[in-house]
Amino acid sequence: KTRVLTGITTSGTPHLGNYVGAIRPAVAASRQAGVESFYFLADLHSLIKLQSPERVQRSTLEIAAAWLAAGLDPAHVWFYRQSDIPEIPELTWLLTCVAGKGILNRAHAYKAAVDKNRAEGEDDDAAITAGLFMYPVLMAADILVFNANKVPVGRDQVQHIEMARDFGQRFNHLYGEPAGKEFFALPEAVIEEHVATLPGLDGRKMSKSYDNVIPLSASREELKKLIFSIVTDSKAPGEAKDPGGSNVFQLYQAFAGAEETAAMRQAYADGIGWGDAKQKLFERIDAEIAPLRERYESLIAAPQRIEEQLRDGARRVREAYATPLLGELREAVGLRDLS
Ligand code: TYM
């Protein structure tokens, strides 16, 4: 079976970018024959950005509810919280000891933080934690601990998957070849081309860090208000508009089928007004997420049920895969097998 795995960092409220970039394709993949899915809440990753226990917990609950509301079935999919799997931080250390520091130096998130320091005249590494630097190794452990083959993600995560391949390959080479074994499958990123990066309200990538998100749980009224606040150019109704350069169009495309998208492209050429274009976008998104919003509300009202599902998922997936694999790996590197 092909193993499909993806996670979302629990550092905020789930938004449409997470939905179209990760949740929607992942839930669809989980329903295909011949697929075994692993979907999780990356709460260890959230500590890199957040030092607020309440917010980490709230976000964990909200993101879990978003997965379930989008149709994830915990009876068919391995669904768990990263920090419930102690084998993940343990594997992180084993990978840390084979990961090239030079590769980590090139990670986008770390480089962006260094560039920002330089622009502000600070030391390169001022206020950068070792956690931020090590982020890709923890992510590689998430993927390799379950030998995932395919990882559906937005474009911003592709570099991390390439690093996971690199670390897995190095480990295989160093410890597997002498033993005639291949410990890790090498993962591939899967990107939905038409929604690779969903723009936010201001046209930059939709992201918790930019405060430009449309929450997945937004009420109908909030959704409408947010959509009508999207930044556009000042072309009047009747003037032809450029779909390629428009956030409103890109969002539409992420929610519409090929035919609807083609029709909308024509409407842009014919000079649809921004008000109309936004109304159409609102209707399209609302039609897709209204049922989800309702399920989300009832799920979030019963956190205990979600908590049980997460614990149960972690217990079963550890027993099935993580604990025996770490036993093997410990032995391979010369440590005692605890399993
Ligand atoms: P995170 O939490 O930033 O985002 C979760 C997923 O949502 C996608 N995404 C987007 N896709 C399209 N357009 C957007 N505007 C947008 N914003 C977010 C992201 O690409 C991602 O797929 N490090 C990861 C979480 C993680 C992970 C993993 C993912 C931890 N371990 C192992 C896959 C496999 C992250 O911070 O994603």
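Definitions and cut-offs
- Counting restarts for each chain, with residues numbered from 1 along the sequence as it is written.
- At least 70 in pLDDT is required for a residue's local features to be given in this predicted model, at least 80 for side-chain atom pairs to be given and counted, and no such filter applies to totals for whole chains, interfaces and linings, which use all residues.
- Near, for a residue, is defined by distance from a backbone-placed C-beta atom to a molecule or strand, with 6 Å as the limit that must not be exceeded.
- The helix count covers DSSP runs of H or I at least four residues long, the strand count covers runs of E at least two residues long, and both are numbered beginning at the N terminus.
- For this scheme, ten residues count as nonpolar: Ala, Val, Leu, Ile, Met, Phe, Trp, Tyr, Cys and Pro. Four count as charged, namely Asp, Glu, Lys and Arg, and the remainder, Gly too, count as polar.
- UniProt positions are given in the numbering used here, feature names are shortened, and annotations may be inferred rather than shown by experiment.
- Axis definition: a line fitted to C-alpha atoms, limited for helices to the stretch in contact. Angles are taken between N-to-C directions and run from 0 to 180 degrees.
- Comment on the angle field: the value is read as roughly parallel under 35 degrees, roughly antiparallel over 145, roughly perpendicular from 65 to 115, and oblique elsewhere.
- Take the far helix as your reference; a near helix turned counterclockwise from it by less than a right angle gives a left-handed crossing, and one turned clockwise gives a right-handed crossing.
- Each residue is represented by a C-beta atom placed from its backbone, and any two residues with such atoms within 7 Å are regarded as in contact.
- Residues with at least 20 other C-beta atoms within 10 Å of their own are called buried, those with 12 or fewer are called exposed, and the rest are partly exposed. The C-beta atoms themselves are positioned from the backbone.

Colleague: I would appreciate a short explanation of the site of the ligand in the present structure.
Modeller: As a structural note, the neighbourhood of the ligand is formed by 25 residues, with Thr9, Gly17, Gly21, Val153 and Gly154 the closest of them. For the shell around the ligand, the secondary structure elements donating two or more residues are strand 1 (2-9), helix 1 (16-30) and helix 7 (130-144). Of the residues belonging to the shell around the ligand, the class tally is 11 nonpolar, 11 polar and 3 charged.

Colleague: Before we go on, may I ask you to explain the UniProt feature "short sequence motif: 'HIGH' region" (unreviewed entry) in the protein in this structure?
Modeller: Mapped onto the present numbering, the UniProt feature "short sequence motif: 'HIGH' region" (unreviewed entry) falls at residues 10-18. Measuring from the first to the last C-alpha atom of residues 10-18 gives 11 Å, for a span that is 33% helix and 0% strand.

Colleague: Help me understand the packing of helix 4 (residues 87-96) against helix 7, please; the structure alone is not making it clear to me.
Modeller: Angle between the axes and distance between the axes: these two values describe a pair of packed helices. At a minimum axis separation of 8 Å, helix 4 and helix 7 run at an interaxial angle of 120 degrees. Our classification of the angle between helix 4 and helix 7 gives oblique. For the element pair helix 4 and helix 7, the recorded crossing hand is right-handed. Contact residues: Ile88, Leu91, Thr92, Leu95 and Thr96 in helix 4; Met134, Val137, Leu138, Ala140, Ala141, Asp142 and Leu144 in helix 7. Split into classes, the residues belonging to the contact of helix 4 with helix 7 amount to 9 nonpolar, 2 polar and 1 charged.

Colleague: I'm lost on the environment of Val137 in this one. Help?
Modeller: Mapped onto the elements of the fold, Val137 is located in helix 7. Using a count of 25 C-beta atoms within 10 Å as the deciding quantity, one classes Val137 as buried. Expressed as a C-alpha distance, the spacing of Val137 and Leu91, which sit 46 residues apart in the sequence, is 9.2 Å. Setting aside anything within four residues of it in sequence, one finds Val137 in contact with Thr92, Leu95, Thr96, Ala99 and Phe167.

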